[in-house]
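Fold and contact review
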Amino acid sequence: MASTVLNAVSERRLRPIYELLDNGNYKKACHETEKVLKKQKDLIAAKVLKTIALHRMGKEEEAFDLSNEIAMEAPTDENSLQGLSLYYKEIHRTELICPLYESAVRLCPGNEEYLTHLFMAYVRHEQFQEMQRVAMLLYKQHPKNPYLFWGIMAIVLQAENTTDKKLATKMYLPLAEKMVEKHVKAGKIEAEAEVKLYLMILDLMGKHEKALEVVNGDLGGKLISDIGGRPAALLEVQKKLENWEFVNEENKKLLKQKPDVWNYALDYLDSLFHQLDIERGSLTEENNFNEWAETSTRLQEGIQFILNLITEENTLLDWKRRGPYLLRLEMLKRMKDRFGNLRDSCFGPAKQLCLEYALDFSPKPFCFSDLKPYISLLTDEEKTQFLFELKDQQSSLTSSEMNGVCDENLKNEIMKKKTKEIQRHVFTVEAARYLGEHEKLSSTEKFILAQDFLQKHEAGLKHVADRPPTDPCPVDSYCVLAARLMMDVYSDTGDTLYLWRCAYVLEYGIQHSKYNYEMKLMLIKVYCTLGAFSPCADLYDSMEVKHMQQDTLGYTVCRHVVSLGHYHHASQVFQMARNFYTNNNKESLECLITCFRNGTFYKVSEFVKYRRRIHKSYHAAYVQTEHLLMDLFTQGDIDQPVTALLTSDIKPIDYNTLVDNRDLKVVSDVRSKERQVSEEMIKKSFEHEKNWLAFRDFLLRCMYSVLIRDHDQTHNGCCCHGSPEPILPTLITQFETFCSTLHKSDIEDYPMLGPNTTRIKLSIESNYPRMMLLVFKFCCDFINLKSNPDLESQLFNNLTLAIQLLQEYVATCKEGIYSNANHEETDQSNESSKTGLNQSVPDAIININPSFVERLVICTEMFSICVLLITRLKTVVTEVKMDLQRQKRRKKGKQTNSPLPAWVSGYQSAISSYSDIGDALVGEVKKMKQDVEERMLDLGGLEIKDKEEEKTPASSETKEDNCVQTNGTVTPDDKLYHKIMKNSLESYSVSCKQMLFVLEGRMKNLKETSKV
């Protein structure tokens, strides 16, 4: 048998190298391994340490070659195997661990540890069949329960993940069941996890009667770790057996003990209505329903049970639990849904029940979300009455302001009461908005209402001054509601003035509540709509988005960062997201392995499903594609050779399996049901986003196919290997078919707080897909010109049309970033209603045309890609000229000069046309930059003036007055608008600078190409 441990001498020699690697001294570690290898040239463990040192020094190829050499030697000592496994993990090639341990197991057939490592290696790659084989080999050689159940779990995973469901039900699951039953009969079941796996198998097979026997039998006694233990497992099995009477009775007992657990309430109602469905049988007429409902003992018992729960809660004057009251509303809702227009005398009118709930729980922030599903029980007339009575109820419970000096305890009590009143008023406003009251208001009335909310916010701040800054603040809702009203006015009028006012409201709110994620997400959307990304980056960072939120909330910034020309930020955002997917893959694998080690088999399936959902995430495919594409058109042949960027594998995207993980309801929506973001809207948005991703994917793969021509032909950066000529025509055909399916009319605009409008809309408007299709066709013909001279006659037709399309769209971008739009300023003469909304929006930003930035960015992108592709084709011209020179040398003495082919002059003409377009684009960007910088200079002057005023000595009273006065001094509102203006202008300036960097780089490429 091969040795599995190192001798003492080798261990002593390697110990200093381990310490050097741990301390990060890789160069010294590499030197020390070479010294050891001179003494023991066959010491594989030293070679492994050298491999790790070389890898961490950045010598990737040398390290990988050495690792292959080590693998060929089939090491069997633990140090070498663990070290090489660590190296494979670091280079993300964990699939190489499997053959490594296969060799070790073959040479050391009885080694339990190596077999365990081999099993876990197959777990990493979800090779369920191999997992089963290794687990059974382990159990055969080392008969321990965990190894047997590893194998059984591997069989279950095969059943769950096979596409052939018959194979699962006929072979995999029966096999797993027999293996467990054999173990049960032998009396070898030891752990709760083994019983749970048995129940899981029976559940998958639909054998719920057998599962009931297991839970009620001796094995059920092992079910102790979960909440509820055996009774909870029994209840779950009874539900699957549809034993509704048992389920109903058990949930009754649970609700008596814990009436506020909503799961118990839902299970109780589910079981009750299943029983009622059986009881009412084939009744179809409404009259029969009413008669049956009045005489049904079971229904009356259910109603009485709920009323008893409420009676008990009513005795708790200080602290009521809302479960029973919601249970009553849910019961009424289900009765109406199931049985139609039944009389609601059993509980009372739905309107009255909603009012009672609001009276008890409106001081709590959850009240509106609780009550929202049940407002549909009311008729239109009842909704109006409900709102009127709700406002009357709220006003009657409002106390007078706190005046004078009072005891500290009394003051605290008054503060608590005021906080409850604020929350109660917020609930009333949210209910009014949900019932469509705000939709009936004119723009002026909405503006006045928003002012009122800001005043209430300012007045309410003193009542929440002592709260921890990380706690939700009740008055924040006023700012959110005011911002929503400004968004409503913008949606109605299209006037960006109200977006700037909305930005003011949200910035003002965030000043007082730095941890309010809702306001930050809304502000990101507002700034992006205004074409300013720089403030969004800071807001996104301040939210500390981590882990899964990168996948669910990443869309908020990733959609806009490239389209607004912030390429440096884009690189950071995309890299952060890609790092999450890489790290998540590692971490979830470790969790999966831990599940097997600890025997928590019921979690294994969950982790497998979770990993696959993340792997199929739309956002993961989006950030990778956008990142690779952006690097090509912003850096390729500008600050580094394009060939250095052709190093990443482009994995094919299966659009049918992509999963939408976007959390589009993270910001609460309190508009009327008809205007809320619907599931249908989200599905449409996802289809449009998939179209955009497909467009970018085609763009990227076609570019790789052209650009890789000058790269090593064995490079695997493209989706296939070898010469691009055979591949490009196929991609172009597919791309053309795809482009024919795109129609601008199919794409709708979504609400401000709904899904982002896809970039495919602007790309169709700018003829981006059509233009790129024409350019790729030209590139394909140009590359194949030497082998097919007949292409010369119509060679430049496609390129000429592409140049014309780009010229036409660039011509539409000449109006500049500042428009001459008229804005209706809403001014209120009532001084008592003055807020920051009454401030005039500074001239520096009020006339900005937000769409101009995005249109200029897409022009820059199209120009950059076209120039990159066209200038890379200069090698074809160079080859032709070199061929002519060689022919000239062969014909020495002859006075014949072979003329250049006609297409060469056509190529030079195209370069000249692109130079003209580039000059026009550079001019437009510089003009925008100049306009923005002029405003920034004015802003700088104001800033200097402000600082000088701050340096002027003044009494505390004068300083206090300065914050209130509006004539001759700077108010806090002025400073806030100043901040918005500064952040926005700086963002536009950054966009200009980064666009100019790309454009000037491409102009340099064109100048160099024109000399060829």
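Residues numbered from 1 in each chain as written. Predicted model: local features only at pLDDT ≥ 70, side-chain atom pairs only at ≥ 80, totals over all residues. Heavy atoms only, no water.

Helix and strand counts for the protein chain come out as 43 helices and 0 strands. In the protein chain, which comprises 1012 residues, the proportion classed as buried is 52%. Partitioning the contacts of the protein chain with sequence separation of at least 6, the portion at a separation of at least 24 is 73%. For the protein chain, the accessible area works out to roughly 48200 Å², and carbon and sulfur atoms hold 50% of it. (Helix = DSSP H or I, 4+ residues; strand = E, 2+ residues; numbered from the N terminus. Buried < 20%, exposed > 50% of the residue type's maximum accessible area, 1.4 Å probe, protein only. Contact = heavy atoms within 4.5 Å. Areas by Shrake-Rupley, 256 points an atom, 1.4 Å probe, with all protein chains shown as cover.)

All told, the structure shown has 27 aromatic pairs when counted by the stated rule. Look at Phe 698 and Phe 735: their rings are 5.6 Å apart centre to centre, the planes differ by 25°, and that puts the pair in the stacked class. On the criterion of sequence distance, the pair formed by Phe 698 in helix H33 (residues 679-707) and Phe 735 in helix H34 (residues 727-739) is long-range, its members being 37 residues apart. For the pair Phe 698 and Phe 735, a shared accessibility class is recorded, and that class is buried. What makes Phe 698 buried here is its relative accessible area of 11%. One residue, Arg 322, lies across the ring of Phe 366, its end atom 3.8 Å from the ring centre. (Phe/Tyr/Trp six-rings, centres within 6.5 Å; stacked < 30°, edge-to-face > 60°. Lys NZ or Arg CZ within 6 Å of the ring centre and 35° of its normal.)

Once that is clear, we can look at the pattern of salt bridges. Within this structure, the stated rule accounts for 48 salt bridges. Across the pair Arg 56 and Glu 90 runs a salt bridge, and its minimum N-O distance is 2.5 Å. Taken together, the positions of Arg 56 in helix H3 (residues 44-57) and Glu 90 in helix H5 (residues 78-90) put the pair 34 residues apart, joining distant regions of the chain. Judged by its relative accessible area of 29%, Arg 56 falls in the partly exposed class. A salt bridge links Glu 313 to Arg 321; the nearest nitrogen and oxygen atoms lie 2.8 Å apart. A residue is classified by how much of its surface remains accessible, and Arg 321, at 25% relative accessible area, is partly exposed. In the salt-bridge network here, residues are joined through shared partners; they are Glu 177, Glu 181, Lys 207 and Lys 210. (Salt bridge = Lys/Arg side-chain N within 4 Å of Asp/Glu carboxyl O.)

Quick look at unusual backbone geometry now. If a residue is not glycine, its phi is most likely negative; likewise, a peptide bond is most likely trans. Its identity is not glycine, yet Glu 242 carries a phi of approximately 60°, on the positive side. Judged by its relative accessible area of 55%, Glu 242 is exposed. Look at Glu 544: it is not a glycine, yet its phi comes out positive at around 55°. Tracing the backbone through its elements, the reader meets Glu 544 in the loop between helix H27 (534-542) and helix H28 (549-552). For Glu 544, a relative accessible area of 54% gives the class exposed.

Attention shifts here to helix H14 (residues 244-257). For H14, which comprises 14 residues, the first-to-last C-alpha distance of 20 Å matches the rise-based estimate of 20 Å (1.5 Å per residue) to within 8%. Each element contacted by the buried residues of H14 is listed here: helix H13 (229-240), helix H15 (262-280), helix H17 (297-314) and helix H18 (323-339). (Expected span 1.5 Å × (residues − 1).)

Counting through the fold element by element, Glu 313 comes out in helix H17. In this view, Glu 313 contacts Pro 259, Lys 320, Arg 321, Pro 324 and Tyr 325; residues no more than four positions away in its chain are not counted.

Per-residue pLDDT for the protein chain averages 84, and the proportion of residues at 70 or more is 86%. Segment residues 400-406: pLDDT under 50, and 7 contacts once partners within four positions in sequence are set aside and those in other chains are kept. Here residues 953-967 is a poorly scored stretch, pLDDT under 50, and it has 9 contacts once near neighbours within four places are set aside; other chains count. (pLDDT = per-residue confidence, 0-100.)

Take the nonpolar core next. Grouped together as the largest cluster of nonpolar side chains are 227 residues, with contacts concentrated most on Tyr 914 and Tyr 988. Looking at this core element by element, the count peaks at 14 residues for helix H39 (residues 850-872). Once you skip the residues sitting within four places of it in the chain, Tyr 988 turns out to touch Trp 500, Leu 530, Gly 531, Ala 532, Ile 817, Ile 848, Val 853, Met 928 and Val 932. The next biggest cluster of nonpolar side chains, apart from the first, holds 87 residues, and it includes Ala 29, Leu 66, Ala 154 and Val 604. (Core = buried A, V, L, I, M, F, W, Y, C linked by side-chain atoms within 4.5 Å.)

With that out of the way, let us pick up the environment of Ala 350. Along the polypeptide, Ala 350 turns up in helix H19 (residues 350-361). When its relative accessible area of 2% is taken as the criterion, Ala 350 is described as buried. Expressed as a C-alpha distance, the spacing of Ala 350 and Leu 377, which sit 27 residues apart in the sequence, is 6.5 Å.

Right, let's talk about a positive patch on the surface for a bit. Together, Arg 12, Arg 13, Arg 15 and Lys 39 give the surface a local cluster of positive charge. Take the positive patch: its biggest share by element is 3 residues, from helix H1 (residues 8-22). (Patch = residues over 30% accessible without salt bridge, like charges linked within 9 Å, V, L, I, M, F, W, Y side chains within 5 Å. Lys, Arg positive; Asp, Glu negative; His and termini not counted. Charge placed at Lys NZ, Arg CZ, Asp CG, Glu CD.)

Within helix H6 (residues 97-107), burial applies to Ile 97, Cys 98, Leu 100, Tyr 101, Ser 103, Ala 104 and Val 105. Looking at the buried side of H6, the elements it contacts are H5 and helix H7 (112-124).

Its location among the elements puts Glu 11 in helix H1. In sequence terms Glu 11 and Asn 79 are 68 residues apart; their C-alpha atoms lie 9.5 Å from each other.

As a further point, take the environment of Arg 935. Tracing the sequence through the fold places Arg 935 in helix H41 (residues 902-951). Of the residues examined, Arg 935 reaches a relative accessible area of 25% and is grouped as partly exposed. Spatially, the C-alpha atoms of Arg 935 and Ala 844 are 5.7 Å apart, while their sequence positions differ by 91 residues. Residues contacting Arg 935, with those up to four places away along its chain left out, are Tyr 818, Ala 844 and Leu 985.

A cluster of acidic residues, Glu 60, Glu 61, Glu 62 and Asp 65, forms a negative patch on the protein surface. For Glu 62, a relative accessible area of 42% translates into the label partly exposed.

Where helix H37 (residues 797-811) contacts H39, the axes come no closer than 10 Å and their chain directions differ by 155°. With respect to H39, the element H37 is oriented roughly antiparallel. Note on packing geometry: the crossing formed by H37 with H39 is left-handed. Two secondary-structure elements touch here, H37 through Leu 799, Leu 806, Tyr 809 and Val 810 and H39 through Arg 855, Ile 858, Cys 859, Met 862, Phe 863 and Ile 870. (Axes fitted to C-alpha atoms, helices over the stretch in contact; angles between N-to-C directions. Parallel < 35°, antiparallel > 145°, perpendicular 65-115°, else oblique. Left-handed = near helix turned anticlockwise from the far one by under 90°.)

Time to look at the side chain of His 438. Tracing the backbone through its elements, the reader meets His 438 in the loop between helix H22 (408-434) and helix H23 (443-460). Ignoring sequence-local partners within four residues, the contact set of His 438 consists of Val 429, Ala 432, Arg 433, Lys 446, Leu 449, Phe 453 and Leu 485.

For the rest of this paragraph, the subject is the packing of helix H24 (residues 476-493) against helix H26 (residues 517-529). Running from N to C, H24 and H26 point in directions that differ by 25°, and their axes come no closer than 10 Å. In this view, H24 runs roughly parallel relative to H26, as classed from their interaxial angle. Note that H24 runs across H26; the crossing there is left-handed. Here Asp 476, Cys 479, Val 480, Ala 483, Arg 484, Met 487 and Tyr 490 of H24 come into contact with H26, specifically with Glu 518, Met 519, Met 522, Val 526 and Thr 529.

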